[in-house]
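# Working through the structure, step by step
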Amino acid sequence: MRDELMKAIEVTGRIDAQGNLVLDQPIQGTDYPHQVRVIVLVPEKAEAVDDPDDTPIEEVKASLKRALQQAKAGQTRPISELWDRIDAE
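This is a predicted model, so every value here is computed, not measured. (Residues numbered from 1 in each chain as written. Predicted model: local features only at pLDDT ≥ 70, side-chain atom pairs only at ≥ 80, totals over all residues. Heavy atoms only, no water.)

### A look at the overall build of the chain
The condition is simple: Segments assigned H or I by DSSP are reported as helices when at least four residues long, segments assigned E as strands when at least two residues long, and all are numbered from the N terminus. Accessibility here uses a 1.4 Å probe with only protein chains present; expressed as a share of the type maximum, an area under 20% marks a residue as buried, one over 50% as exposed, and anything in between as partly exposed. Note on areas: Shrake-Rupley, 1.4 Å probe, and residue coverage restricted to the protein chains presented here.
Looking only at helices and strands, the chain has three helices and two strands in total. From first element to last, N terminus to C terminus, the chain shows the α and β order β-β-α-α-α. Each of the 89 residues in the chain was classed as buried or not, and the buried ones make up 0%. Counting every atom, the chain has about 9200 Å² of accessible surface; 53% of that belongs to carbon and sulfur.

### Structural notes on a nonpolar patch on the surface
Applied cut-off: Patches were defined on residues exceeding 30% relative accessible area and lacking a salt bridge, with like-charge contacts within 9 Å and nonpolar side-chain contacts (Val, Leu, Ile, Met, Phe, Trp, Tyr) within 5 Å. A side-chain nitrogen of Lys or Arg and a carboxyl oxygen of Asp or Glu constitute a salt bridge if their distance falls within 4 Å.
On the surface, Ile9, Val11, Ile15, Leu21, Leu23, Ile27, Tyr32, Val36, Val38, Val40 and Val42 cluster together into a nonpolar patch covering about 930 Å² of accessible area. You can see valine 11 is positioned in the segment before β1 (13-15).

### Examining the pattern of salt bridges
Applying the stated rule across the entire model yields one salt bridge. The closest approach of N and O atoms between lysine 61 and glutamate 58, which form a salt bridge, is 3.9 Å. Placement of the pair is lysine 61 and glutamate 58 together in helix α2 (residues 57-72), with a separation of three residues, close to one helical turn. Grouping residues by exposure puts lysine 61 and glutamate 58 together as exposed.

### Topic: the layout of surface pockets
Stated formally: A pocket here means an open set of points on a 1 Å grid, computed over the protein atoms alone, that has protein on both sides within 12 Å along at least five of seven lines. A cavity is instead a set of points where a 1.4 Å probe fits but cannot get out; residues with an atom within 4 Å of a point line either one. Grid points are joined across faces, edges and corners, and a volume is the space filled by probe spheres set on the points. Polar here means any residue other than Ala, Val, Leu, Ile, Met, Phe, Trp, Tyr, Cys and Pro, which are nonpolar, and Asp, Glu, Lys and Arg, which are charged; Gly is therefore polar.
In this structure, the largest pocket occupies an estimated 1200 Å³ of space. Lining the largest pocket are 27 residues, with Ile9, Val11, Arg37, Val38 and Ile39 sitting closest to its centre. When residues of the lining of the largest pocket are traced back to their parent elements, those giving at least two are β1 and β2 (21-23). Residues of the lining of the largest pocket, tallied by class, amount to 18 nonpolar, four polar and five charged.

### Considering α2
What counts here: To estimate the expected span of a helix, count its residues, drop one, and scale the result by 1.5 Å.
In a regular helix each residue adds 1.5 Å, so 16 residues correspond to 22 Å; α2 covers 23 Å between its end C-alpha atoms and thus fits that length. In the segment just after α2, glycine 74 is the residue with positive phi, at about 80 degrees.

### Re the confidence of the model for the chain
Rule in force here: Per-residue confidence from the prediction method is given by pLDDT, with values spanning 0 to 100.
This prediction gives the chain a mean pLDDT of 81; 84% of its residues lie at or above 70. Ranking the elements of the chain by mean pLDDT puts helix α1 (residues 45-49) last, at 57, and β2 first, at 92.

Below you can see the structure in the form of structure tokens.
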């Protein structure tokens, strides 16, 4: 391929058992009859396993139980205070 300006199109997909790239959605809008270049980015094993929402179920249940007990006891905070704490993070 010659040195020419190229347009980047970001799409997601997977690589099947035969090594073929399978896109989640077709690329819409333009017909590309010529060869294109493809750069495939794959997560490292540590990234694939590292789930930001991996809190154990028992911990989530305990937190929800505490929150319900606090609400029943009237131990609540104004929503504006909660937003201030979120904005501070």
